[in-house]
Amino acid sequence: RREVVLKVFEECDVVIVHAIAELSEQIEEAINQYPNRAVILVSHGPSTFTKNWINELSLFSSGNVGVSSCCIPDFGNNPSPKVEIIHNGYTLDRGASRASFKERAEIRQRVFGVLDDRAILVGYVGRFTDDKRPLAIAQAVHYIKKVTTRPVVGVWVGEGYDQEKYVASADDYIGEGSSIW
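Because the structure is a prediction, the values reported are computed rather than measured.

Caption draft 1: The arrangement of the nonpolar core in detail. Membership of the largest hydrophobic core comes to 27 residues, with the highest contact counts inside it found for Val5, Phe9, Val17, Ile27, Leu41, Trp53 and Val125. Residue assignment for this core shows that the elements contributing at least two residues are α1 (2–11), β1 (14–18), α2 (24–33), β2 (38–43), α3 (48–57), β5 (120–125) and β6 (152–157). A per-element tally of this core places α1 first, with four residues. Leave out the neighbours within four places in its chain, and Val5 touches Leu23, Gln26, Ile27, Ala30, Val125 and Val157.

Caption draft 2: Here's a closer look at the packing of α2 against α3. The contact between α2 and α3 brings their axes to 11 Å, and the two run at 20 degrees. Here α2 lies roughly parallel to α3, going by the angle between them. Crossing geometry of α2 relative to α3 is assigned as right-handed. On α3, the residues touching Ser24, Ile27, Glu28 and Ile31 of α2 are Phe49, Trp53, Glu56 and Leu57. Looking at the contact of α2 with α3, its residues break down into five nonpolar, one polar and two charged.

Caption draft 3: Focus on the layout of surface pockets. Of the pockets and cavities examined, the second largest pocket occupies roughly 180 Å³. Along the wall of the second largest pocket there are 15 residues; nearest its centre are Arg1, Leu23, Gly126, Gly158 and Glu159. Put simply, the parts of the chain that give the lining of the second largest pocket at least two residues each are α1 and β6. Of the residues assigned to the lining of the second largest pocket, the class counts are eight nonpolar, three polar and four charged.

Caption draft 4: The arrangement of the pairing of strand β3 (residues 63–66) in detail. Side chains of β3 alternate between two faces, with Gly63 and Val65 and Asn64 and Gly66 buried alike. Handedness of the β2-α3-β3 crossover: right-handed. As paired strands, β3 and strand β4 (residues 84–85) are joined by two bridges and run parallel to one another. Bridge pairing in β4 places Val65 opposite Glu84.

Caption draft 5: Just the packing of aromatic side chains, in detail. As enumerated under the stated definition, the model contains two aromatic pairs in all. With 6.1 Å between their ring centres and 35 degrees between their planes, Tyr124 and Phe128 make a pair best called tilted. Take Tyr124: its relative accessible area is 1%, and that puts it in the buried class. You can call Phe128 buried: its relative accessible area is 0%. An aromatic cluster is defined as three or more aromatic residues linked by ring pairs; in this entry it consists of Tyr124, Phe128 and Tyr166.

Caption draft 6: Representation of the confidence of the model for the protein chain. Taken residue by residue, the protein chain gives an average pLDDT of 76. The fraction at 70 or more is 81%. Averaged pLDDT values over the elements of the protein chain bottom out at 68 in helix α4 (residues 101–112) and peak at 87 in helix α5 (residues 136–147). Residue range residues 89–96 is modelled with pLDDT below 50. Its contacts to residues more than four positions away, or to other chains, number 20 contacts.

Caption draft 7: Representation of the pattern of salt bridges within the structure. Tallied over the entire structure, the rule returns four salt bridges. Among the salt bridges present, the one from Arg2 reaches Glu3, with a minimum N-O distance of 3.9 Å. Notably, a salt bridge pairs Arg2 with Glu29, separated by 2.5 Å at the nearest N-O pair. A residue pair is termed long-range when its members are at least 10 positions apart, and Arg2 in helix α1 and Glu29 in helix α2 qualify at 27 residues. By relative accessible area, Glu29 is classed as partly exposed at 27%. Taken together, the shared-partner salt bridges in this structure form one network comprising Arg2, Glu3 and Glu29.

So, how was this worked out
- Residues numbered from 1 in each chain as written.
- Predicted model: local features only at pLDDT ≥ 70, side-chain atom pairs only at ≥ 80, totals over all residues.
- Heavy atoms only, no water.
- Core = buried A, V, L, I, M, F, W, Y, C linked by side-chain atoms within 4.5 Å.
- Buried < 20%, exposed > 50% of the residue type's maximum accessible area, 1.4 Å probe, protein only.
- Helix = DSSP H or I, 4+ residues; strand = E, 2+ residues; numbered from the N terminus.
- Contact = heavy atoms within 4.5 Å.
- Axes fitted to C-alpha atoms, helices over the stretch in contact; angles between N-to-C directions.
- Parallel < 35°, antiparallel > 145°, perpendicular 65-115°, else oblique.
- Left-handed = near helix turned anticlockwise from the far one by under 90°.
- Nonpolar A, V, L, I, M, F, W, Y, C, P; charged D, E, K, R; others polar.
- 1 Å grid on protein atoms, 1.4 Å probe; cavity = no way out; pocket = protein on both sides within 12 Å on 5 of 7 lines; lining within 4 Å.
- Points joined across faces, edges and corners; volume = space filled by probe spheres on them.
- Right-handed = clockwise from strand over helix to strand, strands pointing away.
- Pairing = 2+ DSSP bridges.
- Phe/Tyr/Trp six-rings, centres within 6.5 Å; stacked < 30°, edge-to-face > 60°.
- pLDDT = per-residue confidence, 0-100.
- Salt bridge = Lys/Arg side-chain N within 4 Å of Asp/Glu carboxyl O.

Structure, rendered in structure tokens:
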């Protein structure tokens, strides 16, 4: 899992991260290894685990998203973070990679081989469950495809009880070859 999480952070322009106990160490390592990556921390509700996890990583985030106003306290006040309330979703203008186009293109060719070096990758690291909404990435890919001529690919890393269902749904929605699992 460590290598896969690091690869998502290396390759993707924006990574939307949910508090997952099983991947906490790998996510923290990836954020520290790629400090210029656009990282969006997401809270789905108040809990001690989520609050502590966000507190540790908040200085590295490009943005903070709560799925309702009850999530705002999870982000504490280090120093007075802005928390966008986006009901089980996100916006696309949260950040962009600071690596050069050439650097990203070389890495993507080496790692994924078949991807166009102009591709926009949108990554998800989280559990595959309905409450985490992993298919929101497919919606983002679908929307971005409408507003750009560049290829757009969703990249998902995680586990969950219905992973096969999400793979099939994403492929149906955005087309086969537009996702990496």
